[in-house]
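# What the coordinates show
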Amino acid sequence: MNFQRKAFIIKTFGLLGVQMSIVNLSETVECLLEAVLQKKTGYVCVTGVHGIIESQDDSDLRTILNNAFLCVPDGMPTVWMGRLRGHRAISRVYGPDLMLETMRATKNLEVRHFFYGGAPGIAEELRSKLKNLYSGLQIVGCYCPPFRPLNADEFLNLKMQVTACKPDIIWVGLSTPKQERFMADALTQLDTSLMIGVGAAFDFHTGRVRQAPRWIRQTGLEWLYRLIQEPKRLWRRYLNIVPRFLWLVLLSVFKKS
């Protein structure tokens, strides 16, 4: 791939206190490559309705989102809100797609990747699948964390691994808001350029969790598809975030009218 450097000026729009980047998938990948080549540091939040609603009651999370290198629209509702504000060029930057497109774009570049997250064995399985899919791809390490914050010894072990393999990008496959907090806390302590939180992408790409068909993802009903798949785990989340998001958006519209 012949990557042409260019200056990126990413504009944003405010959505319930969160500054969302006005980008599409290809622009996001180009921006990530530019950042890596220039050795810029930052974390990328792939943010949908879940993260926005979580941030309404958590000012620390809202600050984390607003301090991100990019805060890209992961869900169709965020895209629709951007377009309603007149930003016609915005489109969905879906975490699993962003991961694959970045892997494809870097398969022949000196860009080193590291996977953090997933259940035991998932990151290693993902590494094997992606290296088979994209010959030449450099995936230099994996770390499977426990289902809790790392203790001091565990974080030191992670830090030593990252220092040894020096990845350019650490892909973080945790849930929201765990992954955003982890990236904001860990970035300055790890020898890397970018950290990108992609949620369930590890599970989707290894087949551990079935991904919604593309037509469902484009209608904004992926939450319903996932709820049907994992009702015990997700019903409380969606019972809270879906009606609350709609209500807060309506309130914001009426305040401006």
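Residues numbered from 1 in each chain as written. Predicted model: local features only at pLDDT ≥ 70, side-chain atom pairs only at ≥ 80, totals over all residues. Heavy atoms only, no water.

### Structural notes on the environment of Glu-222
Relative to the elements of secondary structure, Glu-222 occurs in helix α11 (residues 222–229). As a C-alpha pair, Glu-222 and Leu-37 span 185 residues in sequence and 34 Å in three-dimensional space. Apart from residues no more than four positions distant in its own chain, Glu-222 is found in contact with Arg-92, Tyr-94, Phe-204, Ala-212, Ile-216 and Arg-217. (Helix = DSSP H or I, 4+ residues; strand = E, 2+ residues; numbered from the N terminus. Contact = heavy atoms within 4.5 Å.)

### Side note on the packing of helix α1 (residues 25–37) against helix α5 (residues 95–106)
Helices that pack against each other are described as a pair by the angle of their axes relative to one another and the distance between those axes. Axis separation between α1 and α5 bottoms out at 10 Å; the angle between their running directions is 55°. Our classification of the angle between α1 and α5 gives oblique. The two elements α1 and α5 meet at a crossing, and its hand is right-handed. On α5, the residues that touch Leu-25, Thr-28, Val-29, Leu-32 and Leu-33 of α1 are Asp-97, Leu-98, Glu-101, Thr-102, Ala-105 and Thr-106. Classifying every residue of the contact of α1 with α5 by side-chain character gives six nonpolar, three polar and two charged. (Axes fitted to C-alpha atoms, helices over the stretch in contact; angles between N-to-C directions. Parallel < 35°, antiparallel > 145°, perpendicular 65-115°, else oblique. Left-handed = near helix turned anticlockwise from the far one by under 90°. Nonpolar A, V, L, I, M, F, W, Y, C, P; charged D, E, K, R; others polar.)

### With respect to unusual backbone geometry
Cis geometry marks the peptide bond from Thr-176 to Pro-177, where omega comes out at 10°. In this structure, Pro-177 sits in the loop between β7 (169–173) and α8 (178–186). Within the chain, Leu-16 stands out as a residue other than glycine whose phi angle is a positive 55°. Its location among the elements puts Leu-16 in the loop between β1 (12–15) and β2 (18–21). Residue Leu-16 is classed as buried on the basis of its relative accessible area, which comes to 18%. (Buried < 20%, exposed > 50% of the residue type's maximum accessible area, 1.4 Å probe, protein only.)

### Comments concerning the confidence of the model for the chain
In the predicted model, the chain carries a mean pLDDT of 91, and 95% of its residues have values of at least 70. Segment residues 1–5 is flagged for pLDDT under 50; beyond a separation of four residues in sequence, or across chains, it makes eleven contacts in the model. (pLDDT = per-residue confidence, 0-100.)

### Observations regarding the layout of surface pockets
Here the second largest pocket is characterised by a volume of approximately 290 Å³. When residues in the lining of the second largest pocket are grouped by element, the largest group, five residues, is from α8. (1 Å grid on protein atoms, 1.4 Å probe; cavity = no way out; pocket = protein on both sides within 12 Å on 5 of 7 lines; lining within 4 Å. Points joined across faces, edges and corners; volume = space filled by probe spheres on them.)

### Details of the pairing of strand β6 (residues 138–143)
For β6, the buried fraction is high: five of the six residues fall into the buried class. As paired strands, strand β5 (residues 112–117) and β6 are joined by five bridges and run parallel to one another. Counterpart to Phe-115 in the pairing with β6 is Cys-142. With helix α6 (residues 122–133) bridging β5 and its parallel neighbour β6, the resulting β-α-β unit is right-handed. (Pairing = 2+ DSSP bridges. Right-handed = clockwise from strand over helix to strand, strands pointing away.)

### As for the side chain of Glu-222
The exposure class of Glu-222 is buried, given its relative accessible area of 10%. Polar side-chain contacts of Glu-222 include one of 2.8 Å to the side chain of Tyr-94. (Polar contact = N/O pair within 3.5 Å; in protein donor to acceptor, adjacent residues only side chain to side chain.)

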